[in-house]
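Listed below, chain by chain, are the residues.
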Amino acid sequence: MEPLAERMRPRSLDDYVGQQHLVGEGAVLRKMIDAGRISSFILWGPPGTGKTTLAQIVASRLEVPFYTLSAVTSGVKDVREVIERAKSGRFFNSASPILFIDEIHRFSKSQQDSLLGAVERGVVTLIGATTENPSFEVIRPLLSRCQLYVLKSLERDDLMRLLQRAIAEDVELKKRHIELRETGAIMRYSGGDARKLLNILELVVESESSNDVVITDEIVESRLQQNPLAYDKDGEMHYDIISAFIKSIRGSDPDAALYWMARMIEGGEDPEFIARRLVISASEDVGLANPNALLIANAAFDAVMKIGWPEGRIPLAEAAVYLAASPKSNSAYMGIESALGTVKETGNLPVPLHLRNAPTALMKQLGYSDGYKYSHDFPGHFVRQQYLPDDLASHRLWYAQHSPSEEKLYQRMVQCWGERYKSEEEG
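Before going into details, it helps to say that this report is about the structure given with it.

Criteria and cut-off values
Residues numbered from 1 in each chain as written. Predicted model: local features only at pLDDT ≥ 70, side-chain atom pairs only at ≥ 80, totals over all residues. Heavy atoms only, no water. Phe/Tyr/Trp six-rings, centres within 6.5 Å; stacked < 30°, edge-to-face > 60°. Helix = DSSP H or I, 4+ residues; strand = E, 2+ residues; numbered from the N terminus. Buried < 20%, exposed > 50% of the residue type's maximum accessible area, 1.4 Å probe, protein only. Lys NZ or Arg CZ within 6 Å of the ring centre and 35° of its normal. Contact = heavy atoms within 4.5 Å. Pairing = 2+ DSSP bridges. Axes fitted to C-alpha atoms, helices over the stretch in contact; angles between N-to-C directions. Parallel < 35°, antiparallel > 145°, perpendicular 65-115°, else oblique. Nonpolar A, V, L, I, M, F, W, Y, C, P; charged D, E, K, R; others polar. Left-handed = near helix turned anticlockwise from the far one by under 90°. Salt bridge = Lys/Arg side-chain N within 4 Å of Asp/Glu carboxyl O. Patch = residues over 30% accessible without salt bridge, like charges linked within 9 Å, V, L, I, M, F, W, Y side chains within 5 Å. Areas by Shrake-Rupley, 256 points an atom, 1.4 Å probe, with all protein chains shown as cover.

So, on to the packing of aromatic side chains. In the structure shown here, the tally under the stated rule is 5 aromatic pairs. Relative to Tyr149, the ring of Phe41 has its centre 5.4 Å away and its plane inclined at 65 degrees; by these criteria the two rings are edge-to-face. Separated by 108 residues along the polypeptide, Phe41 in strand 1 (residues 41–44) and Tyr149 in strand 5 (residues 147–150) bring together distant segments of the chain. Across this residue pair, the class does not change: Phe41 and Tyr149 are buried. Cluster of aromatic residues (ring-pair linked, three or more members): Phe382, Tyr387 and Trp417. In this structure, Arg188 packs its charged tip against the face of Tyr189, placed 5.3 Å from the ring centre. Sitting above the plane of the Tyr399 ring, Arg396 keeps its charged end 4.4 Å from the centroid.

In structure tokens:
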């Protein structure tokens, strides 16, 4: 028999739980579905938030062929075969078949490239699902041809509704008398993941021999301790553990960082996955407080690729301890987030003329590059001039956080720019 999570998979938007910002009345995705025409899009969100289910509902509502590939098991050849099937099975003027690719972030560049032509020509409508930031994992040409929709972890009310519906409607659970006396533990362990919630419920119910099942926090915790991976049948537990790992580094606890790393190693986690997270943490959490952290993390990544496993655990551990023990700063991360927000708010502001390149005589006549001051011609290799667009001439994006290493950078900026850096309170 199918697992409970599969038996309870919604077949329509009316049964779909959560993501009302996308599929609620008047929401953007709901409007497209109701209109019967959708463009390619990527669903980005944590495990168990309904990405696959939503793709299946879309295909069902539009009554078009639905092809699915897993990036874990499919290659370029599989992609091309599906595209050929989609071409041959499409009728004139009918809506494009849907190609759903689960874990699209695991597709290589060549695999993603093989999709481009079919998506551009409308041979297929692509729906990708990913738990990773598409900006880093999906090639730009493909990403530019897709809308991006962000799914959120399910709220407690959503999970309660799903829990009560499963108990009341599932063909197997209806045979039992189930009382939800306490829900704190089952909510906590599910972590906003619908699949995990239903797996825990199924585990608890199946472990009771009596027809009467009373669910309490103590019973849930007891069953999960006896079989801690049973509620994680699809392997999503690594997202919880990697979160604990990164937060331990951010929180400057090398003992906890090593513990969670050991949990990942024992669980068979991909060493490259661990190494990538270390590089991200070195930039995001340690940052300018200790720029060597990024060098160490990159060196560990490189070492793992060269020496393999199990010896690769040693440079990974060295990097994890170094990052956890380092001072912390997220000023670079906050700076780029602020810059992206400014770009979205202000649009494509023109580049000041003196910063523009002037490779032709006409451009020189138009004033391109006129007045530009070459920094190396001045004392200290610095001269004050405007580098931002006119509308943002004195705008601040980066705020130093004054760790010993970063303080040196800040003091140099004060020396160079004076009041621009001194007059505003540092973030």
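From this point, the narrative continues.
Here Gly287 is to be found in the loop between helix 15 (271–286) and helix 16 (292–307). The exposure class assigned to Gly287 is buried, which follows from its relative accessible area of 15%. The spacing of Gly287 and Gln112 is 175 residues in sequence and 31 Å in space, taken between C-alpha atoms. Setting aside residues up to four positions removed in sequence, Gly287 forms contacts with Ala282 and Ser329.

Strand direction decides the pairing type here: strand 1 and strand 4 (residues 125–130), joined by 4 bridges, are parallel. Paired with Leu43 across the bridge in strand 4 is Ala129. Across 4 bridges, strand 1 lies against strand 5 in parallel orientation. Considered in strand 5, the bridge of Leu43 is made with Tyr149.

Helix 4 (residues 51–62) packs onto helix 3 (residues 28–35) with a crossing angle of 30 degrees between their chain directions and a minimal axis gap of 9 Å. Taken as axis vectors, helix 3 and helix 4 run roughly parallel relative to one another. On helix 4, the residues touching Leu29, Ile33 and Asp34 of helix 3 are Leu54, Val58, Arg61 and Leu62. Looking at the contact of helix 3 with helix 4, its residues break down into 5 nonpolar, no polar and 2 charged.

Before going further, it helps to spend a moment on the sheet that holds strand 5. On the basis of which strands lie adjacent, the open sheet formed by 5 strands has the order 2-3-4-1-5 and parallel pairing. What marks the edges here is a single partner per strand, and that holds for strand 2 (66–70) and strand 5. Going from strand to strand, the sheet's axes swing by 20 degrees on average, the running direction of each strand aside. Pairing analysis gives 5 bridges linking strand 3 (residues 98–102) to strand 4, with the strands arranged parallel. Each bridged residue has a counterpart across the sheet, and for Ile101 the counterpart in strand 4 is Gly128.

Attention now moves to the packing of helix 16 against helix 17 (residues 313–325). At a closest axis distance of 8 Å, the pairing of helix 16 and helix 17 adopts a crossing angle of 165 degrees. Between helix 16 and helix 17, the interaxial angle falls into the category roughly antiparallel. Of the two elements, helix 16 crosses helix 17, and the hand of that crossing is left-handed. Residues Asn292, Ala293, Ile296, Ala297, Ala300, Ala303, Val304 and Ile307 of helix 16 form the contact with helix 17, whose own contacting residues are Pro315, Leu316, Ala319, Tyr322 and Leu323. Residues belonging to the contact of helix 16 with helix 17 are distributed by class as follows: 12 nonpolar, 1 polar and no charged.

The next point concerns unusual backbone geometry. Omega for the bond connecting Trp309 with Pro310 falls within 30 degrees of zero, at 15 degrees, which places this linkage in the cis form. One can find Pro310 in the loop between helix 16 and helix 17. Not every positive phi belongs to a glycine, and Gln19 is a case in point at roughly 55 degrees. Of note, Gln19 is situated in the loop between helix 1 (4–7) and helix 2 (20–23). Judged by its relative accessible area of 5%, Gln19 falls in the buried class. Of note, Glu103 is a non-glycine position whose phi angle comes to about 55 degrees, a positive value. Assignment of secondary structure puts Glu103 in the loop between strand 3 and helix 6 (109–121). Overall, the relative accessible area of 21% leaves Glu103 in the partly exposed class.

Moving on to the pattern of salt bridges. Applying the stated rule across the entire model yields 20 salt bridges. A salt bridge links Arg161 to Asp158; the shortest N-O distance between them is 3.4 Å. Taken together, the positions of Arg161 and Asp158, both in helix 9 (residues 156–169) and 3 residues apart, correspond to about one turn of that helix. Glu179 is paired through a salt bridge with Arg181; the nearest N and O atoms lie 3.3 Å apart. Overall, the relative accessible area of 51% leaves Arg181 in the exposed class.

In this section: a nonpolar patch on the surface. A cluster of nonpolar residues, Tyr372, Tyr374 and Tyr387, forms a patch on the protein surface that exposes about 310 Å² of accessible area. For Tyr372, the position within the fold is in the loop between helix 19 (361–365) and helix 20 (404–417). For Tyr372, a relative accessible area of 37% puts it in the partly exposed group.

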